Amino acid sequence: MARIKVEEVLDHLDHDLRRALEATLKEHFPNQSFDARAVFRTFKRQAYRKCNVWENVPDQYVEKE
């Protein structure tokens, strides 16, 4: 098993994940307005609380360059 540091992965993918979350919210709540950055900050905070600092992931999901 490989291990990833969840907070660092979320921070690294910040831009792309925030855009994906914004697109998801717009699709499900088309008539609502929201601050995508604030929603993503809340998402990251909740992920940090729900996940361990280090999480195990199967080796086949990790590729070393």
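Here, every reference points to the structure presented above.
Please read all numbers here as calculations on a predicted model, not as lab measurements. (Residues numbered from 1 in each chain as written. Predicted model: local features only at pLDDT ≥ 70, side-chain atom pairs only at ≥ 80, totals over all residues. Heavy atoms only, no water.)

## Some remarks on the overall build of the protein chain
Then, number 1: The helix and strand tally for the protein chain stands at three helices and two strands.
Then, number 2: For 65 residues, the compact-globule estimate of 2.2 N^0.38 gives 11 Å, and the C-alpha radius of gyration of the protein chain, at 14 Å, exceeds that figure by more than 25%.
Then, number 3: C-alpha extents for the protein chain along the principal axes are approximately 45 × 25 × 15 Å.
Then, number 4: With 65 residues in all, the protein chain has 15% of them scored as buried.
Then, number 5: A sequence separation of at least 24 residues applies to 70% of the contacts in the protein chain between residues at least 6 apart.
Then, number 6: Carbon and sulfur atoms form 49% of the exposed surface of the protein chain, whose accessible area is close to 5600 Å².
Then, number 7: Each charge class in the protein chain can be summarised by its mean position, and for the 12 positive and 12 negative side chains these summaries are 7 Å apart. (Helix = DSSP H or I, 4+ residues; strand = E, 2+ residues; numbered from the N terminus. Rg over C-alpha atoms; globule rule 2.2 N^0.38 Å. Buried < 20%, exposed > 50% of the residue type's maximum accessible area, 1.4 Å probe, protein only. Contact = heavy atoms within 4.5 Å. Areas by Shrake-Rupley, 256 points an atom, 1.4 Å probe, with all protein chains shown as cover. Lys, Arg positive; Asp, Glu negative; His and termini not counted. Charge placed at Lys NZ, Arg CZ, Asp CG, Glu CD.)

## Describing the environment of Tyr48
Then, number 1: Its location among the elements puts Tyr48 in helix α3 (residues 36–50).
Then, number 2: Judged by its relative accessible area of 29%, Tyr48 is partly exposed.
Then, number 3: It is 9.4 Å that separates the C-alpha atoms of Tyr48 and Leu10, two residues lying 38 residues apart in sequence.
Then, number 4: The contacts of Tyr48, once residues within four sequence positions are left out, are Glu7, Leu10 and Asp11.

## Things to note about the packing of helix α2 (residues 14–28) against α3
Then, number 1: Two elements in contact, α2 and α3, have axes whose closest approach is 9 Å; the angle formed by their N-to-C orientations is 110°. Relative to α3, the element α2 lies roughly perpendicular. Across from Asp14, Leu17, Arg18, Leu21, Glu22 and Leu25 in α2, the residues of α3 making contact are Ala36, Arg37, Val39, Phe40, Phe43 and Lys44.
Then, number 2: Residue composition of the contact of α2 with α3, grouped by class: seven nonpolar, no polar and five charged. (Axes fitted to C-alpha atoms, helices over the stretch in contact; angles between N-to-C directions. Parallel < 35°, antiparallel > 145°, perpendicular 65-115°, else oblique. Nonpolar A, V, L, I, M, F, W, Y, C, P; charged D, E, K, R; others polar.)

## Focus: the pattern of salt bridges
Then, number 1: If you walk through the whole model with that rule in mind, you get four salt bridges.
Then, number 2: Residue Arg18 pairs with Asp14 through a salt bridge whose shortest N-O separation is 3.9 Å. Taken as a pair, Arg18 and Asp14 lie in helix α2 at a separation of four residues, close to a single helical turn.
Then, number 3: Residue Lys44 is joined to Asp14 by a salt bridge in which the shortest nitrogen-to-oxygen separation is 3.2 Å. (Salt bridge = Lys/Arg side-chain N within 4 Å of Asp/Glu carboxyl O.)

Function cannot be inferred from these measures alone, as they are strictly geometric.
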